[in-house]
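Here is what each chain is made of, one letter per residue.
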Amino acid sequence: MTLTTGVPPHERSRGWGKVPGELSARVPAEQRGPGRDRSDVRLLVSRGTEVAHHVFRELPGLLRAGDLLVVNTSPTLAAAVDGRVGHTRVVVHFSTRGDDGRWAVELRDPDGRGTTRVRAGGRAGTGVRLAGGVRLTLEEPLSPGSGRLWWARVSPAGAVPGLLRGHGRPIRYSYTERDQPLSVYQTVFALPSADGSGSAEMPSAARPFTAGLVAELVSRGVRFAPITLHTGVASAEAHEPPYPERFVVPEASARLINAVRGGGGTRTDGRVIAVGTTAVRAVESAAGADGVVRARAGWTDLVVTPARGVRVVDGLLTGLHEPEASHLLMLEAVAGRAAIGRGYEEALGGLYLWHEFGDVHLVLPEERPDVEHCSGNQQ
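Rules used in this analysis
- Residues numbered from 1 in each chain as written.
- Predicted model: local features only at pLDDT ≥ 70, side-chain atom pairs only at ≥ 80, totals over all residues.
- Heavy atoms only, no water.
- Buried < 20%, exposed > 50% of the residue type's maximum accessible area, 1.4 Å probe, protein only.
- Helix = DSSP H or I, 4+ residues; strand = E, 2+ residues; numbered from the N terminus.
- Arc of directions from axis to C-beta.
- Pairing = 2+ DSSP bridges.
- Salt bridge = Lys/Arg side-chain N within 4 Å of Asp/Glu carboxyl O.
- Phe/Tyr/Trp six-rings, centres within 6.5 Å; stacked < 30°, edge-to-face > 60°.
- Lys NZ or Arg CZ within 6 Å of the ring centre and 35° of its normal.
- Axes fitted to C-alpha atoms, helices over the stretch in contact; angles between N-to-C directions.
- Contact = heavy atoms within 4.5 Å.
- Patch = residues over 30% accessible without salt bridge, like charges linked within 9 Å, V, L, I, M, F, W, Y side chains within 5 Å.
- Areas by Shrake-Rupley, 256 points an atom, 1.4 Å probe, with all protein chains shown as cover.
- Lys, Arg positive; Asp, Glu negative; His and termini not counted.
- Charge placed at Lys NZ, Arg CZ, Asp CG, Glu CD.

### Comments concerning helix H3 (residues 160-167)
Inference 1: Among the residues of H3, Val160, Leu163 and Leu164 are the ones counted as buried. Relative to the axis of H3, the buried residues are bounded by an arc of 95° and lie together on one face. Turned more than 90 degrees away from the buried face of H3, the exposed residues are Arg165 and Gly166.

This is the structure we're talking about:
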């Protein structure tokens with residue numbers, strides 16, 4: 001596996017400045033007042049440069065029969081574990097399980113507030129003592145020239161799933177108010193993985209879905225195509241592009257996607273809408289140059305940019321990203337820079353909330369006025 005190189009700085013600049021700290025969502029929506037649930041986040045809807053403001057529970061009325069939502073079933077891991085390097089306390093973030101049994105990890109320093117800060121440097125051979133007699137040894141950087149993420153050997157072999165269940169907690173960043181149970185970080189689509197793999201960070205675009213909302217969408221003719229992509233630890237400080245991640249696009253989901261897209265022939269009235277950037281990365285990795293999706297499992301180092309474009313996805317439901325984030329290039333590949341810039345201007349002006357507990361953005365293709373749809377779901 002190789003790490004895709006960073007995006008040129010001129011491609012990462014945006015027309016809006018740093019997101020104010022007060023727009024960080026510090027607690028989940030259901031903890032912000034009585035009677036609230038996960039679907040009580042705000043929903044910004046972009047169709048080209050046209051923007052509308054909604055609440056997420058209104059989503060069924062914004063989609064139509066025949067639309068297909070591609071959802072990530074990866075469970076969130078309790079991926080943060082306390083340890084010691086010599087006499088120094090550290091926090092290990094377990095990121096990605098390799099095929100050889102090693103784990104990609106990031107060592108962080110505790111900041112005294114229940115969160116962590118970046119830890120300088122690292123060298124091969126560094127040993128970390130963890131709970132229950134488990135030991136971790138750094139072996140090599142995940143990519144040449146980067147000291148943030150390391151491939152590490154854990155002994156005894158196979159100890160990580162039990163270690164995370166018994167001593168782990170969800171990765172928490174400094175903008176959040178307090179620790180939360182792992183259940184808060186699981187989406188309604190999460191399924192357990194047989195080998196203990198999962199996502200170091202929640203596939204958060206799907207967090208606002210509830211079982212009731214899914215049932216309403218199904219009753220209106222919206223379909224779901226499950227995929228799995230185990231997302232690793234993000235670069236909270238440097239906004240690095242994603243590194244290679246494990247994914248699965250099942251045969252049944254590939255068939256559903258191709259059916260909506262017309263199998264390379266006439267398009268249906270439905271749209272393929274990815275729930276989260278992880279879903280985009282998975283299905284675009286499984287698509288050939290002809291736009292046909294084939295069942296695939298393995299690793300992907302794909303970084304979706306406007307230059308590469310998208311072959312499968314018509315729309316995207318996603319959180320709000322920092323202006324330096326490489327994920328914004330993916331949004332621009334789906335909708336264009338002007339549409340995303342307009343949407344983010346509205347989000348900032350409307351005081352939308354950012355990050356994993358924040359509000360969400362539905363990016364849909366522009367409606368053609370000469371096309372009629374046979375759905376009663378439009379508003």
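### A short note on the pairing of strand E15 (residues 315-319)
Inference 1: Judged by how many residues are buried, E15 sits mostly within the fold: five of five residues are covered.
Inference 2: Because side chains alternate across E15, one face comprises the buried residues Gly315, Leu317 and Gly319, and the other comprises Leu316 and Thr318, equally buried.
Inference 3: Inspection of the sheet shows strand E13 (residues 272-275) paired to E15 by three bridges, in the parallel sense. The partner of Ala274 across the bridge, within E15, is Leu316.
Inference 4: Relative to strand E16 (residues 360-364), E15 runs antiparallel, the two sharing four bridges. Within the sheet, the bridge partner assigned to Thr318 lies in E16 and is His361.

### Regarding the pattern of salt bridges
Inference 1: Tallying each qualifying case throughout the model produces 26 salt bridges.
Inference 2: Here Glu216 ties to Arg220 by a salt bridge, and the two come within 3.5 Å at their closest N and O atoms.
Inference 3: Glu216 sits in the partly exposed class, given a relative accessible area of 33%.
Inference 4: One connected set of salt bridges, linked through shared partners, spans Asp100, Arg102, Glu139, Glu140 and Arg153.

### As for the packing of aromatic side chains
Inference 1: Overall, the coordinates contain seven aromatic pairs when judged by the stated rule.
Inference 2: When the ring of Phe56 is compared with that of Phe209, the centres are 5.1 Å apart and the planes differ by 80°; the resulting orientation is edge-to-face. With Phe56 in the loop between strand E2 (50-55) and helix H2 (59-62) and Phe209 in the loop between H3 and helix H4 (211-219), the pair connects residues that are 153 residues apart, well separated along the chain.
Inference 3: Taking relative accessible area as the criterion, Phe56 reaches 0% and is therefore assigned buried.
Inference 4: Ring geometry for Tyr344 versus Trp354: centroids 6.0 Å apart, planes at 70°, classification edge-to-face. Placement of Tyr344 in helix H8 (residues 337-349) and of Trp354 in the loop between H8 and E16 is noted, with a sequence separation of 10 residues between them.
Inference 5: Every member of this aromatic cluster is reached through a ring pair, and the members are Phe56, Phe189, Phe209 and Phe224.
Inference 6: Of note, Arg42 hangs over the ring of Tyr352, and the distance from its end group to the ring centre comes to 3.9 Å.

### Focus on the sheet that holds E13
Whenever strands of a sheet pair, they do so through backbone hydrogen bonds, lying parallel or antiparallel.
Inference 1: Spatial strand order, E2-E1-E16-E15-E13-E3-E11-E12-E14: nine strands in an open sheet with mixed pairing. Across the chains shown, the open sheet's two edge strands, defined by having one partner strand only, are E2 and strand E14 (296-300). For this sheet, the mean angle separating the axes of adjacent strands, direction not counted, is 20°.
Inference 2: Examined bridge by bridge, strand E3 (residues 68-72) and E13 share three bridges and lie parallel to one another. The partner of Leu68 across the bridge, within E13, is Val272.
Inference 3: With respect to the sheet, helix H5 (residues 251-261) is in contact with E3, strand E11 (223-229), strand E12 (245-249) and E13, its orientation differing from that of E11 by roughly 130°.
Inference 4: Strands E3, E11, E12, E13, E14 and E15 of the sheet are contacted by helix H6 (residues 277-285), whose axis makes an angle of about 85° with E11.

### Some words on unusual backbone geometry
Inference 1: Looking along the chain, the bond that leaves Ser155 and enters Pro156 is cis, with omega of 0°.
Inference 2: As for its placement among the helices and strands, Pro156 is situated in the loop between strand E10 (149-155) and H3.
Inference 3: Although it is not a glycine, Leu351 adopts a positive phi angle of roughly 60°.
Inference 4: You can see Leu351 is positioned in the loop between H8 and E16.
Inference 5: Looking at Leu351, the relative accessible area reads 55%, which means it is exposed.
Inference 6: One non-glycine residue, His355, lies in positive phi territory at about 80°.
Inference 7: Structurally, His355 is set in the loop between H8 and E16.

### Topic: a positive patch on the surface
Inference 1: Residues Arg84, Arg89, Arg129 and Arg135 make up a contiguous surface patch of positive charge.
Inference 2: Mapping Arg89 onto the fold places it in strand E5 (residues 88-97).
Inference 3: Taking relative accessible area as the criterion, Arg89 reaches 47% and is therefore assigned partly exposed.

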